[in-house]
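Examination of the molecular architecture
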Amino acid sequence: MGTEKQKVLLIDGNSIVNRAFYAMPPLTNSTGLHTNAVFGFTTMLLKVIEEEKPTHLLVAFDAGKATFRHEGYSEYKGGRQKTPPELSEQFPLLKELLHSFSIKQFELSGYEADDIIGTWTRLAEEQGQTAVIVSGDKDMLQLASDRVTVLLTRKGVSEVDRFTPEAIAEKYGLAPQQIIDLKGLMGDASDNIPGIAGVGEKTALKLLAEYGTVESVLEHAGEIKGKLGENVRAHQEDARMSKQLATIFREVPVERTWDELRWEGYEAAELAAAFRKLEFKSLIERLDLSGAGSHVGEEAKAAADYEVVWAGPGAEREWAALNEALPAAESVLIEWSGDNPHQSLGIGLAIAAGGRVFAVPHEALAGDEAARLREWLADGEAPKRGYDLHGAELALARSGYELRGHAFDVQLAAYLLDPTEANPSLAGLLQRQGLAPIAFDDAVYGKGAKFRVPEREALAAHLAAKADAVRRLAGPLAEELDRAGMRSLYYELEQPLSLILAGMEKQGIDVRSQSLAELGQEFQGEIERIVGEIHRLAGFEFNIGSTKQLGDVLFEKLGLPVVKKTKTGYSTDAEVLEKLEPFHEIVRLILHYRTLTKLQSTYIEGLLKEIRPEDGKIHTYYRQTIAATGRLSSQYPNLQNIPIRLEEGRRIRKAFVPSEPDWRIVAADYSQIELRVLAHISGDEGLVEAFRQEMDVHTKTAMDVFGVQADQVDAGMRRQAKAVNFGIVYGISDYGLSQNLHITRREAAEFIEQYFAAFPGVRKYMDDIVAQAREDGYVTTLMGRRRYLPDIRASNFNLRSFAERTAMNTPIQGTAADIIKLAMVRMDEKLKELGLRSRMLLQVHDELVFEVPPDEVETMAALVPETMARAFPLSVPLKADVSVGTNWYEAK
DNA sequence: CGCTTCACG
DNA sequence: ACGTACGTGAAGCGC
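Here the structure is a predicted model, which means the values were calculated and not measured. All residue numbers refer to position in the chain's written sequence, counted from 1. Chain labels run from A onward and ligand labels from 1 onward, assigned in the order the entries are written. Residue-level local features of this predicted model are given only where pLDDT is at least 70; pairs of side-chain atoms are given and counted only at 80 or more, and the full residue set underlies all totals for whole chains, interfaces and linings. Processing note: side-chain calculations cover all non-hydrogen atoms of the structure and skip hydrogens and water entirely.

**Quick notes on the overall build of chain A**
The number of helices and strands found in chain A is 37 helices and 26 strands. Atoms counted for the radius of gyration: C-alpha only. Globule rule: 2.2 Å times the number of residues to the power 0.38. A compact globule built from 892 residues would reach a C-alpha radius of gyration of about 29 Å, and chain A, at 32 Å, matches this within 12%. In terms of its C-alpha atoms, chain A occupies a principal-axis envelope of roughly 90 × 80 × 55 Å. Partly exposed describes any residue whose relative accessible area lies between the buried limit of under 20% and the exposed limit of over 50%, with all areas from a 1.4 Å probe on protein chains only and scaled to the type maximum. Within chain A, the fraction of its 892 residues that count as buried is 53%. Looking at chain A alone, contacts between residues at least 24 apart form 67% of all its contacts between residues at least 6 apart. Using a 1.4 Å probe, accessible areas were evaluated by the Shrake-Rupley method; residue-level cover was limited to the displayed protein chains. Accessible surface for chain A amounts to roughly 40400 Å². Of this, 48% is attributable to carbon and sulfur atoms. Charge assignment in this entry is limited to Lys and Arg as positive and Asp and Glu as negative, and neither His nor the chain termini are counted. Taken as the charge location is NZ of Lys, CZ of Arg, CG of Asp or CD of Glu. Distance from the positive charge centre (103 side chains) to the negative charge centre (133 side chains) of chain A: 2 Å. Secondary structure elements are taken from DSSP: a helix is a run of H or I of four residues or more, a strand is a run of E of two residues or more, and numbering for both begins at the N terminus. Contact criterion: two residues are considered in contact whenever any of their non-hydrogen atoms come within 4.5 Å of each other.

What follows is the structure, given as structure tokens:
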């Protein structure tokens, strides 16, 4: 290191970007990306570099999500508003720009930027070097020392105030370390740190002048007079915790050496290219970069390297060009608004072809000029690469358009590559692929009530950017699918299934509103009677549906024992109420009230609202890219949770009927598919043998766990064995099983041990799959579906345990999902092949529901279970039970 | 908009 | 010592 004087410039990335975002006027580049915060950050950066002339440089970021501070205090940074998308889309731009500046950046999950900066200032001090911090956060002042200077932004980001220990003493009369005490006393509304109620900056400073530290203030709390003294005494814990929250952690594992932060300036050509992309023309001039790197191909090009053509109503030339380009279309993007594509409002579409992107507003689809486009969209031989083609198909159907020829769906591919990704938006996918970014939808359209479609120019730019994004993503994602061994899972299972789902959804299921309404009448009468009873027993009227009011009645008015608490108050869930039943007759009524109001609001009223008046049917929307295990999910409404367990609710199913006279409902469900999958995957001999002999698996489990003969297994033993089997599938823990069976943990552990002794192959599977997950970072299903489990290596017990249970469960649940999906594809083929009129209507995880003409009932009652059973050969037989009825209730 | 509760597999 | 059973969606409450 020599004797050279070194100075590290440490920038609080999140703080500066935030300040810049709110201080700068809006600014977008030609593709609609917001850039104002990046611009503000850059001007600040250039200025500080010029003034401070650092030898080392680092920008630190918060790693997002939870930090270790949340573990002790879940409200930390509570009331803070969410980052608007106009800002969040700028982070990747900034990170890329910093890269072009050759500036190091660092973030670490579990830590905030100030902790990283605090750690580096400590390291600088230890090495006898100096540090300069740039932030907008006053907390940083605690780090000031004779070697560390803090620059706090003022008025946005362009100007800074310089804080040395002397300057802090002058301004606050405090030493840097006392900044933490200051915050401990006064709190910080923006971080949701409470401090002592009623204590603001003035009072806090007075107290510190007298006592020096929070601890000393608290020690002398007894001598502080009046209201202030009361407050101090009442909020001692708040003060201690607030001080702790405000204290910057200076021992972050920073994973870098001092020398790695060395900064030797930027590469002019690289920076020029980055500025061009962002369209920061003034900065290019200011740094005199206009000559730099303009010859270097791709990177130096402007943001969009395609021409946007607006094919609006009456734009004859543009339509002619579009029609001509259609055969060469590389991607298509259908844009609509609303969450439910069955009820969507069209926005428009865009088609990328040969260096141009044609943007078509939705209105234009109604005109004659769209005839060729209509044909092309419906042409199964014209391949479409798109994003969410399933949703697009439904949305287009509303405008009388068909969509055929699904060739590749970027959203579906992205789901297979990482089914846990919360935001598989095009903008998000580009970020993760390291491709040139586009604006997030929320930033273009606004969110919720603020949603509005922008004017022509901005809309065209965004639609074009998205269509181009599909074009750019399709190749890389397809290659990734190949590399991950999911090519056939995609092309032979998921993509064909997406078409089948769209067909089922468009078909819909007939639901008799008359039957639902009559049942609702009945429920209503019963609910009113029960409400009266409950209010009479309580002695006054209250809202039974409010857990807060109900808790007051049960635990304060009636004095029932508190069984469990939630983070907001008393728990009143069914488990708690069942325990309370013996204490008061009101409890049973409340349970019944809950059941009935659930049925009434979710199933009677909820389903009635979803029946389309045009055809009397319900059209659900199956989501193929939501569940992390590979299952489908169902929305608007959810038809996968229609009541069945209790007779009262089961009657709802009588309203689900065939849509043609004399047709029948045929339903078939897999018997014990998950345990059969487990038998296959684990190869456990006992379990495999049990299924080969078609034994009752819960009875078999009871025999082996309790060590008895079949005829000695009573109902209670079978019930317990069944719970153990559930536990095994879910990734067993003694705690979970004990909760479920209301037994002690020790007893539960005993059961589990017995189980594993009886089924050693299952134990081996559980051990192996966890080890494998730790090794690979992911688990797979029989058909190669993947789920990443980053927490499997976490040091946090909770996170790690959760990941371990997921590792055990996902291959089982996921393989079952694979199998029924495959059965759906096979059934669809069979129906076509045999020319049957029967229609597949619903999938409920292990069940398929059809409507069937009378002359096909016999055929289908054999074909469906057979097809399901043969969908995917395992080492144990798969079995599906079938039943027929005039409605879904009867088909049981 | 987060929390609680409860419907399903 | 740690403290949850796996996967979903919808409704009502109350801030």
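Once the structure has been displayed, the description carries forward.
**Describing the sheet that holds strand β2 (residues 56–60)**
Paired strands, in this sense, are two strands between which DSSP finds at least two bridges. Ordered by their spatial adjacency, six strands build an open sheet running β3-β2-β1-β4-β5-β6, and the pairing between neighbours is mixed. Edge positions in the open sheet fall to β3 (104–106) and β6 (159–163), since each of these has one partner strand only. Here the strands of the sheet are splayed against their neighbours by 25 degrees on average, with no regard to which way each runs. As defined by bridge partners, strand β1 (residues 7–12) adjoins β2 across five bridges and the pair is classed as parallel. Fitted lines through C-alpha atoms give the axes, limited to the stretch in contact for helices. The angle between two N-to-C directions lies from 0 to 180 degrees.

**Focus: the protein's contact with DNA strand C**
We call a residue near a molecule or strand when any one of its heavy atoms sits within 4 Å of it. In the vicinity of DNA strand C there are 36 residues, among which S546, S633, Y636, R745 and F797 approach most closely. Backbone sugar and phosphate groups make up 55% of those atoms of DNA strand C lying within 4 Å of the protein. Two N or O atoms form a polar contact when they lie within 3.5 Å of each other; inside protein one atom must be a possible hydrogen donor and the other a possible acceptor, and for residues adjacent in sequence the pair counts only when both atoms belong to side chains. The contact in question runs from a phosphate oxygen of DNA strand C to an N or O atom on the backbone of A628, over 2.8 Å. Between DNA strand C and N638, the relevant distance is 2.9 Å, taken from a sugar or linking oxygen to a side-chain nitrogen or oxygen of the residue. Taken together, the elements giving at least two residues each to the surface near DNA strand C come down to α25 (547–557), α27 (585–610), β19 (633–635), α32 (715–730), α33 (734–741) and α36 (797–833).

**Remarks on the protein's contact with DNA strand B**
Surveying the vicinity of DNA strand B reveals 24 residues, the closest of which are T572, K598, I644, R645 and D846. Per the 4 Å cut-off to the protein, sugar and phosphate atoms form 77% of the nearby atoms of DNA strand B. The separation between a phosphate oxygen of DNA strand B and a polar main-chain atom of D573 is 3.4 Å. Within the backbone of I644, one N or O atom sits 2.7 Å away from a phosphate oxygen of DNA strand B. Broken down by element, the residue count for the surface near DNA strand B peaks at three residues, all from α27.

**Remarks on the packing of helix α34 (residues 745–758) against helix α35 (residues 760–776)**
The geometry of α34 relative to α35 is characterised by a closest axis approach of 5 Å and an angle of 105 degrees between their N-to-C directions. The pairing of α34 with α35 is recorded here as roughly perpendicular in orientation. Mapping the contact onto sequence places E753, Y755, F756, A757 and A758 in α34 and P760, V762, R763 and M766 in α35. Per-class residue counts for the contact of α34 with α35 are seven nonpolar, no polar and two charged. Angles are sorted into four bins: roughly parallel if under 35 degrees, roughly antiparallel if over 145, roughly perpendicular if 65 to 115, and oblique for all others. Residue polarity is assigned by list, with Asp, Glu, Lys and Arg as charged and Ala, Val, Leu, Ile, Met, Phe, Trp, Tyr, Cys and Pro as nonpolar; anything else, Gly included, falls into the polar class.

**Details of the side chain of D409**
Examined against the element boundaries, D409 turns out to sit in strand β12 (residues 406–409). Buried within the structure, D409 lacks any salt-bridge partner; its nearest side chain of opposite charge belongs to R623, at an N-O separation of 11 Å. A distance of 2.9 Å separates a polar side-chain atom of D409 from the backbone nitrogen of D388. Apart from residues lying up to four places away in sequence, D409 is in contact with G386, Y387, D388, L389, H390, Y490 and Q495. A carboxyl oxygen of Asp or Glu within 4 Å of a side-chain nitrogen of Lys or Arg is what we treat as a salt bridge.

**Points about the confidence of the model for chain A**
The predictor attaches a confidence to each residue, and that confidence, scored 0 to 100, is pLDDT. Mean pLDDT over chain A: 90, with 96% of residues reaching 70 or higher. Segment residues 65–80: pLDDT under 50, and 35 contacts once partners within four positions in sequence are set aside and those in other chains are kept. The low-confidence segment residues 294–302 (pLDDT under 50) makes nine contacts with residues lying over four places distant or belonging to another chain.

**A few points about the UniProt feature "domain: 3'-5' exonuclease" (unreviewed entry) in chain A**
UniProt positions are given in the numbering used here, feature names are shortened, and annotations may be inferred rather than shown by experiment. Annotation from UniProt places "domain: 3'-5' exonuclease" (unreviewed entry) at residues 313–482. Helix makes up 45% of residues 313–482 and strand 17%, with an end-to-end C-alpha separation of 42 Å.

**Comments concerning the packing of helix α2 (residues 36–52) against helix α5 (residues 90–100)**
Remark: α2 packs on α5, axes separated minimally by 9 Å, with the N-to-C direction vectors making an angle of 35 degrees. In terms of crossing hand, the pair formed by α2 and α5 is right-handed. Here N36, A37, V38, F41, T42 and L45 of α2 lie close against α5, whose contacting residues are Q90, L93, L94, L97 and L98. Considered class by class, the residues forming the contact of α2 with α5 number eight nonpolar, three polar and no charged. Take the far helix as your reference; a near helix turned counterclockwise from it by less than a right angle gives a left-handed crossing, and one turned clockwise gives a right-handed crossing.

**Observations concerning empty space enclosed by the protein**
Both cavities and pockets are sets of points on a 1 Å grid over the protein atoms alone; in a cavity a 1.4 Å probe fits but cannot get out, in a pocket the set is open with protein on both sides within 12 Å along at least five of seven lines, and lining residues sit with an atom within 4 Å of a point. Grid points are joined across faces, edges and corners, and a volume is the space filled by probe spheres set on the points. With the rule as written, the count across this model stands at four cavities of 30 Å³ or more. Of the volumes computed, that of the largest cavity is approximately 90 Å³. For the largest cavity, the full set of lining residues is D388, H390, D409, Q411, L412, S498, Y621, Y622, R623, Q624 and T625. Counting only elements with at least two residues in the lining of the largest cavity, the list comes to α19 (410–417) and β18 (621–623). By residue number, the principal contributor to the lining of the largest cavity is β18, which donates three residues. For the lining of the largest cavity, a count of residues per class yields three nonpolar, five polar and three charged.

**Regarding unusual backbone geometry**
Each neighbour pair has its own omega, and for Y636 with P637 the value is -5 degrees, a cis peptide bond. As for its placement among the helices and strands, P637 is situated in the loop between β19 and α28 (647–650). The backbone of E255 shows a phi angle near 60 degrees, a positive value even though the residue is not glycine. Here E255 shows up in the loop between α12 (236–246) and α13 (268–278). Positive phi values are uncommon outside glycine, yet D662 reaches one of about 70 degrees. As for its position among the elements, D662 is in the loop between β20 (656–657) and β21 (664–670).

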